[in-house]
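Descriptive analysis of the structure
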Amino acid sequence: MSGTNNEWRSAAVSTGTTIIAVRYDGGVVIGSDSRASMGGEYVSSRVINKVVQVHDKIFCCMSGSLADAQAVTNAVIHKLNFHSMQMGEPPLVQSAASVMRQFCYDHREELSAGFIVAGWDRKRGPQVFEVSLGGMVVEQEFTVGGSGSTYIYGYVDAKFKPGMTREQCLAFTTNALTLAMDRDNVSGGVVHLAVVTESGAERQLIPGNKLPVFHRI
């Protein structure tokens, strides 16, 4: 069994998704495509929602093994709810990222999953964190992940501007996801978005026929 596991861990793993989050003055926008694939070849679902609400004003996006990512996400939701009841107040975004990082690190030999955590809290306002496969946390203005991210690094680096408005961030994330879905064969479907501010969370779904159209070669 250990030999099989080592062979699996040394093989190339297609994360089969595109996830993104960006912070603006007052909130965050977090989004993903909706395709789930097995081994980067078989599309098992075209409409899965990878933008998961882990608390009232905290969301995460997942990439990598879907089963692993869902297991970690469910554990984080349980721990944050328990923490909120104990403390009598909502958890911080950084606390959610730290809890997720701990799960990823403690089970780094068994898991293959990476996350983006984004949300709003009373202490530090809007925040975006990347939680890597091995359990490292990095706070950023914006971040992208998944197999589709390799196709859009040039776009997001060129188009991101500090101080963007909510509408500009929505266009930024939608365009980036659309470009990744056009080019990455294991990203696709519809676009799921969530906008999180002090007043709460708002979800958006953009079907394929409503996505922007770019020049295709």
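Residues numbered from 1 in each chain as written. Predicted model: local features only at pLDDT ≥ 70, side-chain atom pairs only at ≥ 80, totals over all residues. Heavy atoms only, no water.

1. Regarding the sheet that holds strand β11 (residues 191-197)
Strand-to-strand pairing in sheets goes through backbone hydrogen bonds, with the strands running parallel or antiparallel. So the rule is basically this: At least two bridges found by DSSP between two strands are what make those strands a pair. A run of H or I in DSSP counts as a helix once it spans at least four residues, and a run of E counts as a strand once it spans at least two, with each numbered from the N terminus. For helices, the fitted line uses only the C-alpha atoms of the stretch in contact; every axis is such a line through C-alpha atoms, and the angle between N-to-C directions lies from 0 to 180 degrees. Any two residues whose heavy atoms approach within 4.5 Å are treated as being in contact.
If you trace the five strands from one edge of the open sheet to the other, you get β10-β1-β2-β11-β12, paired in antiparallel fashion. Each edge of the sheet is formed by a strand with only one pairing partner; in this case those strands are β10 (142-145) and β12 (200-206). Averaged over all adjacent pairs, the angle separating strand axes in this sheet is 10 degrees, with direction ignored. Packing against the sheet, helix α5 (residues 166-183) makes contact with β1 (19-24), β2 (27-32), β10, β11 and β12, and its axis sits at approximately 165 degrees to β1.

2. Re the packing of aromatic side chains
In plain terms, the rule: Stacked, tilted and edge-to-face are the three classes applied to pairs of Phe, Tyr and Trp rings, where Trp contributes its six-membered ring and a pair requires centres within 6.5 Å; stacked means planes under 30 degrees apart, edge-to-face means over 60, and tilted covers the rest. Summary of the burial criterion: residues with accessible area below 20% of their type's maximum are buried, those above 50% are exposed, and those between are partly exposed, where the area comes from a 1.4 Å probe applied to protein chains only. By the criterion adopted, a ring carries a charge over it if an Arg CZ or a Lys NZ lies within 6 Å of its centre and within 35 degrees of its normal.
Applying the stated criterion across every chain, the model contains four aromatic pairs. For the pair Tyr155 and Phe172, a centre-to-centre distance of 6.4 Å together with 20 degrees between the ring planes defines the contact as stacked. Placement of Tyr155 in helix α4 (residues 153-159) and of Phe172 in helix α5 is noted, with a sequence separation of 17 residues between them. For the residue pair Tyr155 and Phe172, the accessibility class agrees, reading buried in each case. Among the aromatic residues, those joined into a cluster by ring pairs are Phe142, Tyr155, Phe160 and Phe172. Directly above the ring of Tyr105 sits Arg108, whose terminal nitrogen or CZ lies 4.0 Å from the centroid.

3. Describing the side chain of Ser187
To keep things clear, this is the line we draw: Here a polar contact means two N or O atoms within 3.5 Å. Within protein one must be a hydrogen donor candidate and the other an acceptor candidate, and residues neighboring in sequence count only if both atoms are side-chain atoms.
Within the secondary structure, Ser187 is located in the loop between α5 and β11. Taking relative accessible area as the criterion, Ser187 reaches 1% and is therefore assigned buried. A polar contact is formed between the side chain of Ser187 and the side chain of Thr18, at a distance of 2.8 Å. Not counting residues within four places of it along the chain, the set of residues in contact with Ser187 comprises Gly16, Thr17, Thr18, Asp33, Arg35, Ser147, Gly148, Ala180 and Met181.

4. Concerning helix α2 (residues 66-87)
Heads up, the rule is: What a helix should span is 1.5 Å times the count of its residues minus one. The arc in question is formed by the directions pointing from the helix axis toward the C-beta atoms.
If you check α2, its first and last C-alpha atoms are 31 Å apart, about what 22 residues at 1.5 Å a residue would give, namely 32 Å. Where α2 is concerned, the buried positions are Asp68, Ala69, Val72, Thr73, Val76, Leu80 and Ser84. Along the axis of α2, the buried positions cluster into a sector of 120 degrees, meaning they face one direction only. Of the exposed residues in α2, those oriented more than 90 degrees away from the buried face are Ala67, Asn74, His78, Met85 and Gln86. Residues of α2 that are buried sit in contact with β5 (51-55), β6 (58-64), α3 (93-106) and β7 (113-121). Immediately downstream of α2, the backbone of Gly88 shows phi near 75 degrees, a positive value.

Treat this as a map of the structure, not an account of what it does.
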